[in-house]
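This is what each chain is made of:
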Amino acid sequence: MQTQPKRLIYDVAIIGSGAGGGMAAHVLTKAGANVVMLEAGGPWDNTKDSKMLTMPYETPRRGASTKERPFGEFDACIGGWEIDGEPYTKAEGTKFDWWRARMVGGRTNHWGRISLRFGPDDFKHKSVDGLGDDWPISYDEIKPYYDKVDDYVGIFGSNEGLRNHPDGNFQPAPKPRCRELLVKKASDKLNITCIPSRLSILTKPIHGRAACHYCGQCNRGCTMNANFTSPNVLIYPAMKTGKLTLITNAMAREITTDAKGLATGVSYVDKHSGEDRHVKARVVVLAASACESARLLLNSQSSVHPNGLANSSGVVGKYITDTVGAGVSAFIPGLVGQPNHNCDGVGGMHVYMPWWENNKKLDFPRGYHIGVWGGKGQPSNGFMGGIQRYPGGGGYGVDLKSDYRKYWGTTIGFDGRGEMIPNDDSYCEIDPSKKDRYGIPVLRFHWKWTDHELNQVKHMQETFRALLTEMGGEVSSPMPSKERGYGIANGGSIIHEVGGVRMGNDAKTSALNANCQAHDCKNLFAVDGSPFVTQADKNPTWTILALAWKTSEYLAKAVKEGSV
């Protein structure tokens, strides 16, 4: 990795190396631009650094989590909700947990690969139900870029003809496993739509990448490049062009501007030496993640931009949303004693349930999709949640081993992932006094769930419990009360936060235009989740990739035409 810039002035500086930053690097270098990419974390290459085939018994921790790997010691993503020397604060009463990745590729090294397109209604929902705001673009405008992402990155699924859950250019989906056939049967009985998952994992080789061999360890980083990560699908191929310089361990401090208020580059801290450094660029592209990008803009103050860069509207940091989340699991007696068999597959679900209800008949707007988990996953520290949770489970010696074999794979769980309506009480701002170890002012979060989200989670809980009961399950937890938010997850904990630098046609109410270009600074763009106007009942990564491709194509054309 480069530790300092090679060129005097780059065409483009990209801050962040996740899905959006990686896609921008891919498109822009292909267009001939000389690009520098700043990443706050260290190097990572899943073909070399992955612990995909390491058995838990090979380490003293047996796979248990560490501070920098909260999802397990073999997990591919280095980061967490708490990072030494990089605090954030919360307003009184706020429950918000901010995940930050600190490595090349960011969160794309660990995610469920659930790759869902937003639908036509998702871009124009205010026109449907009057809530939130419409996007300044439509599904038809972004569809060609979804298609390009499908073809280049790779995704499996099935074409179902569901209007607001658009079909794609899918590779064949893997067949449901035993537990998923049981889920499908229960879903059909309750008239809940259940279809093959849509995951960015290859079932056929493309572009020199091998197909999945179904070891089920996607979260560890795939040594075969069968699943999508930004480094090995986007960034390292872009580096081979000679057009991309990657600077790791570079903590961005602010975007610098000239007397006219145009971006001139990025000031950053070399985390190894502690030195302040600067890269010059004709265009700056934000891809640091939604809230980190908002933080950078708010910290980039000047006489031309006294409230922060691209913030004459005052909306930077505002209208952040996260996926609405809740989950329930149950012991399924019917799965006890199933013959031992290889139930491996991709590292995720083979079926899922897209939103199937009519909100006009419900007490909340928008919807959610349901993810499915369970089965005989690789045993590691704490697996099964403790044998004492199962009927008669426990003991010593032979009896204990027998119980583990008996109950292994007999739990099925459902996770709801729903849409939050943006509200005035959910935002981030610069803390007036707190700074991180690099002397950079940190974010302070404000967060509020409304009845829209709480009623949605109540519906999730009732639906999950009905499905599990239909399967003969014994639910592991009682129905949470309204006082407990029906079990709603904290804001940020689902790690899908978007918004904060939203796009729109009106410079008075948005920071970016329809091309993700700052209204106040024509050579500044954003390609992460920050431009999102609303969240949908879909995971955001596929839309980040498609929007980044669209934005980068526009940027490359604008540079050639001299308008940027």
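See the structure shown above.
Parameters at a glance
Residues numbered from 1 in each chain as written. Predicted model: local features only at pLDDT ≥ 70, side-chain atom pairs only at ≥ 80, totals over all residues. Heavy atoms only, no water. Pairing = 2+ DSSP bridges. Helix = DSSP H or I, 4+ residues; strand = E, 2+ residues; numbered from the N terminus. Axes fitted to C-alpha atoms, helices over the stretch in contact; angles between N-to-C directions. Left-handed = near helix turned anticlockwise from the far one by under 90°. Contact = heavy atoms within 4.5 Å. Parallel < 35°, antiparallel > 145°, perpendicular 65-115°, else oblique. Nonpolar A, V, L, I, M, F, W, Y, C, P; charged D, E, K, R; others polar. Phe/Tyr/Trp six-rings, centres within 6.5 Å; stacked < 30°, edge-to-face > 60°. Buried < 20%, exposed > 50% of the residue type's maximum accessible area, 1.4 Å probe, protein only. Lys NZ or Arg CZ within 6 Å of the ring centre and 35° of its normal. 1 Å grid on protein atoms, 1.4 Å probe; cavity = no way out; pocket = protein on both sides within 12 Å on 5 of 7 lines; lining within 4 Å. Points joined across faces, edges and corners; volume = space filled by probe spheres on them.

When you look at the sheet that holds strand E15 (residues 427-435) in this model, what are you seeing that I'm missing?
Pairing between the strands of a sheet is mediated by backbone hydrogen bonds and can be parallel or antiparallel. Spatial ordering of the open sheet is given by E4-E16-E15, a layout of 3 strands whose pairing is mixed. Sheet topology places strand E4 (89-90) and E15 at the edges, where each strand pairs with a single neighbour. Bridge analysis of E15 against strand E16 (residues 441-446) gives 5 bridges, and the strand direction is antiparallel. Opposite Glu429, over in E16, you have Arg444 as the bridge partner.

I would appreciate a short explanation of the packing of helix H1 (residues 19-30) against helix H7 (residues 230-239) in the present structure.
Helix packing for two helices is described by the angle between their axes and how far apart those axes are. Two numbers describe how H1 lies on H7: the axes approach to 8 Å, and their chain directions differ by 35 degrees. In this structure, H1 meets H7 at a crossing whose hand is left-handed. Mapping the contact onto sequence places Ala19, Gly22, Met23, Ala25, His26 and Thr29 in H1 and Ser230, Leu234, Ile235 and Ala238 in H7.

Whenever I open this one, the packing of helix H5 (residues 139-153) against helix H11 (residues 541-561) confuses me. Can you help?
Two elements in contact, H5 and H11, have axes separated by 8 Å at closest approach and are oriented at 110 degrees. When the axis of H5 is compared with that of H11, the two are roughly perpendicular. Each of Glu141, Ile142, Tyr145, Tyr146, Lys148, Val149, Asp150, Tyr152 and Val153 in H5 lies in contact with H11, whose residues at this interface are Trp542, Thr543, Leu545, Ala546, Leu547, Trp549, Lys550 and Glu553. Classifying every residue of the contact of H5 with H11 gives 11 nonpolar, 1 polar and 5 charged.

Teacher, can you tell me more about the packing of aromatic side chains here?
Aromatic ring pairs are reported here in terms of the distance separating the ring centres and the angle at which the planes meet. In this structure the tally under the stated criterion is 28 aromatic pairs. With centroids separated by 6.0 Å and ring planes inclined at 50 degrees, the aromatic side chains of Phe118 and Phe123 adopt a geometry described as tilted. Both residues of the pair, Phe118 and Phe123, belong to the buried class. Within the aromatic cluster, the residues linked to one another by ring pairs are Tyr88, Phe96, Trp98, Phe445, Trp447 and Trp449. Seen from the ring of Trp98, Arg100 lies directly overhead, with NZ or CZ sitting 4.7 Å from the centre. Lying across the ring of Tyr427, Lys318 places its NZ or CZ 5.7 Å from the centre.

Would you mind going over empty space enclosed by the protein with me for this structure?
Unfilled space is identified by rolling a water-sized probe across the atoms. Inspection of the entire model under this criterion finds 4 cavities of 30 Å³ or more. Approximately 80 Å³ is the volume attributed to the largest cavity. In terms of lining, the largest cavity is formed by Met52, Ile201, Cys212, His213, Tyr214, Cys215, Gly216, Gln217, Cys218, Cys222, Ala226 and Asn227. Taken together, Arg177, Cys178, Arg179, Leu335, Gln338, His341, Cys343, Gly375, Lys376 and Gly409 make up the lining of the second largest cavity. Residue composition of the lining of the second largest cavity, by class: 3 nonpolar, 4 polar and 3 charged.

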